[in-house]
Amino acid sequence: MRSEKWPFPAHTRYARALAEALRTETIGGIVMLVATLAALIWANASMDTYTGLREITIGPLELYKWAQNGLLTIFFFVAGLEVKEELVHGELANLRKAALPIIASLSGMIVPALVYLAVSWGARDAARGWAIPTATDIAFALAVLAVTASAMPVALRAFLLTCAVVDDLGAITIIAVFYTDHVNVLMLLLGAALIAAYGVLQRRHVTTPWLYVPLAVAAWYAVEVSGVHATVAGVALGLLTRVTTAPDEQRSPAEAADHYVRPISAGLAVPVFAFLSAGVKLDATSLGAMFSDRVVLGVIAGLVLGKFIGVFGGAWLSVRLGLAKLSEELQWRDLAAVSLLAGIGFTVSLLIGDLAYGDDRQRSEAVTTGILAASLIASILASVLLHIRVRNRRNALDDV
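Because the structure is predicted, anything quoted here is derived from the model rather than measured.

What counts and how
- Residues numbered from 1 in each chain as written.
- Predicted model: local features only at pLDDT ≥ 70, side-chain atom pairs only at ≥ 80, totals over all residues.
- Heavy atoms only, no water.
- Helix = DSSP H or I, 4+ residues; strand = E, 2+ residues; numbered from the N terminus.
- Rg over C-alpha atoms; globule rule 2.2 N^0.38 Å.
- Buried < 20%, exposed > 50% of the residue type's maximum accessible area, 1.4 Å probe, protein only.
- Contact = heavy atoms within 4.5 Å.
- Areas by Shrake-Rupley, 256 points an atom, 1.4 Å probe, with all protein chains shown as cover.
- Lys, Arg positive; Asp, Glu negative; His and termini not counted.
- Charge placed at Lys NZ, Arg CZ, Asp CG, Glu CD.
- Axes fitted to C-alpha atoms, helices over the stretch in contact; angles between N-to-C directions.
- Left-handed = near helix turned anticlockwise from the far one by under 90°.
- Nonpolar A, V, L, I, M, F, W, Y, C, P; charged D, E, K, R; others polar.
- Salt bridge = Lys/Arg side-chain N within 4 Å of Asp/Glu carboxyl O.
- Phe/Tyr/Trp six-rings, centres within 6.5 Å; stacked < 30°, edge-to-face > 60°.
- pLDDT = per-residue confidence, 0-100.
- Arc of directions from axis to C-beta.
- Core = buried A, V, L, I, M, F, W, Y, C linked by side-chain atoms within 4.5 Å.
- Expected span 1.5 Å × (residues − 1).
- Patch = residues over 30% accessible without salt bridge, like charges linked within 9 Å, V, L, I, M, F, W, Y side chains within 5 Å.
- Parallel < 35°, antiparallel > 145°, perpendicular 65-115°, else oblique.

Which residues make up the overall build of the protein, and what values do they have?
Helix and strand counts for the protein stand at 16 helices and two strands. Relative to its length of 400 residues, the protein is compact, with a C-alpha radius of gyration of 21 Å against a globular reference of 21 Å. Taking the principal axes of its C-alpha atoms as reference, the protein extends roughly 60 × 55 × 50 Å. Taking all 400 residues of the protein together, 51% fall into the buried category. The contacts of the protein with a sequence gap of at least 6 include a subset with a gap of at least 24, amounting to 82%. Per element, the accessible surface of the protein, about 18,900 Å² overall, is 66% carbon and sulfur. Of note, the protein has its 30 positive side-chain charges centred 4 Å away from the centre of its 31 negative side-chain charges.

Which residues make up the packing of helix α5 (residues 95–120) against helix α13 (residues 294–320), and what values do they have?
For the pair α5 and α13, interaxial distance at closest approach is 6 Å and the crossing angle is 150°. Crossing of α5 against α13: the hand is right-handed. Partitioned by chemical class, the residues of the contact of α5 with α13 number 17 nonpolar, nine polar and two charged.

Describe the pattern of salt bridges, and please don't skip the residues or the numbers.
Applying the stated criterion to the full structure yields twelve salt bridges. Here D167 and K307 are joined by a salt bridge, their closest N and O atoms 2.7 Å apart. With D167 in helix α7 (residues 154–178) and K307 in helix α13, this pair connects stretches of sequence that are 140 residues apart. Judged by relative accessible area, which is 2%, D167 ranks as buried. D293 serves as the salt-bridge partner of R363, at 3.0 Å between the closest nitrogen and oxygen. Placement of R363 in helix α16 (residues 361–399) and of D293 in the loop between α12 (284–292) and α13 is noted, with a sequence separation of 70 residues between them.

Explain the packing of aromatic side chains residue by residue, including any values.
Applying the stated criterion across every chain yields a total of eleven aromatic pairs. Plain terms: the ring middles of F140 and F346 are 5.2 Å apart, the flat faces sit at 75° to each other, and that makes the pair edge-to-face. One end of the pair, F140, is in helix α6 (residues 138–148); the other, F346, is in helix α15 (residues 346–357), with 206 residues separating them in the sequence. Classification of F140 by relative accessible area gives buried; the value is 12%.

Go over the confidence of the model for the protein, please, and point to the residues and values.
Put simply, the protein has an average pLDDT of 87, and 92% of its residues get 70 or more. In the model, residues 1–8 has pLDDT below 50 throughout and makes six contacts with residues more than four positions away in sequence or in other chains.

Tell me about α12, and please be specific about residues and values.
Buried residues of α12: S286, A289 and M290, and no others. On an axial view of α12, the arc spanned by its buried residues comes to 105°, and they lie on one face. Looking at α12, the residues exposed on the side facing more than 90 degrees away from the buried face are A284, T285, F291 and S292.

So what about the nonpolar core? Which residues, and what values?
With 94 residues, the main nonpolar core has L156, F159, L335, L341 and F346 as its most contacted residues. Contact partners of L341, with chain neighbours within four places excluded, come to A141, V144, L145, L160, A382 and L386. Judged by nonpolar contacts, the second largest core, of 20 residues, contains F77, M187, L194 and V228.

An account of helix α9 (residues 209–226) is requested, with residue identities and associated values reported.
For α9, spanning 18 residues, the distance from its first C-alpha to its last is 26 Å, which sits close to the expected 26 Å at 1.5 Å a residue. Where α9 is buried, its residues touch β2 (61–62), α4 (63–88), α8 (185–203) and α10 (231–240).

Give a detailed account of a nonpolar patch on the surface, specifying residues and quantitative values.
Together, V183, V185, L188 and L189 make up an exposed nonpolar region whose accessible area comes to about 340 Å². Inspection of the secondary structure assignment puts L189 in helix α8. For L189, a relative accessible area of 55% puts it in the exposed group.

Before we move on, could you go through unusual backbone geometry and cite the residues and values that matter?
Of note, the phi angle at H205 is positive, near 65°, even though the residue is not glycine. Take H205: it is sitting in the loop between α8 and α9. Overall, H205 belongs to the partly exposed group, its relative accessible area being 39%. For F346, which is not glycine, the phi dihedral falls at a positive 45°.

Let's hear about the side chain of T369: which residues, and what values?
Positionally, T369 belongs in helix α16. Not counting residues within four places of it along the chain, the set of residues in contact with T369 comprises V280, L282, S286, L287 and M290.

An account of the packing of α8 against α9 is requested, with residue identities and associated values reported.
In a pair of packed helices, the angle between the axes and the distance between the axes together describe the arrangement. Here α8 crosses α9 at 155°, and the two axes come no closer than 7 Å. What the angle tells us is that α8 and α9 run roughly antiparallel. Pair α8 / α9 crosses with left-handed handedness. Residues M187, L188, L190, G191, L194, I195, A197, Y198, L201 and Q202 of α8 form the contact with α9, whose own contacting residues are L211, Y212, L215, A218, A219, Y221, A222, V223, V225 and S226.

Quick rundown of the environment of F291? Include the residues and the values.
Tracing the backbone shows F291 in helix α12. As for F291 and T245, which are separated by 46 residues in sequence, their C-alpha atoms are 53 Å apart.

Structure representation (structure tokens):
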């Protein structure tokens, strides 16, 4: 018999419970981690079958390219929604409050690139990968913060989230400008027109989802065919989604879109991309490249060392110069821990790494190994420091 308290079929309850779980940062991070581990296990058990899966062709693209150019567009659409929300209602809406994470994020993109170039200088094709360590993975970083330091002030999460969304915006700009080989101007103009039409419909409070979905797919296709990476369309559509609520609406279109699309991003798009990207052979050759290939060393140094110096140094310098103000809830040691957490590159770093070295299988796999290693190191170091900070804060409260 059906429960009187929940008069819906069991499969509906399970689907809703699963979607709700995937909206949480912790579960999304765990799903992505499981997908990564599964890829590593499969690739090391049978690289031929793993490679064969990646190269299955569906329509015009291989399966991996569908994940990279198609599914990741969903991830970047959600990122665009987060940027828009921050710009209108969040930290970025107040220039004084936004100055600290914005400056920290910009510095956290520039310094890792410089560290990468310094370490990799003179290596073959090193300049192609300068942008790999510039990105922070929102889902993974927030998941680690939620698991290890949920008791920390909300201001710390706001700082990390703002840094990460600015990072994503910067990363997608870098992809569009520096990793576009050729441009079909006509298709790019068509894509821009479709995206603009989406924005006009949003401004006119049109709420029919069946109008937006085909429009978004058409815009994605036009941008993809134009030669510009299709994820640019995802961010643009997210940024144009309305975050204000009309008198006759219970929630804004951005809230509604986030509610329905985030579980797809966290439960399908990002894990599938991670699964099809992270499968590398962990043998003596690939592991040895972490210590002998200066490009890989540059990626690791850029993410672990460069991100910390850039984010923490940018934040400290902005406060010292009077450009920003540190929240009263936070201490510099808190920001130091989060600055280490910014070294988790993962999703966007893997994407840029493939765009930079996708035509060189050996170098591409070595770079992927470096990204995974750097993200693991950054996660462990940040988790240890965050654990210490939580314990110290708890002891300080007990002493009061």
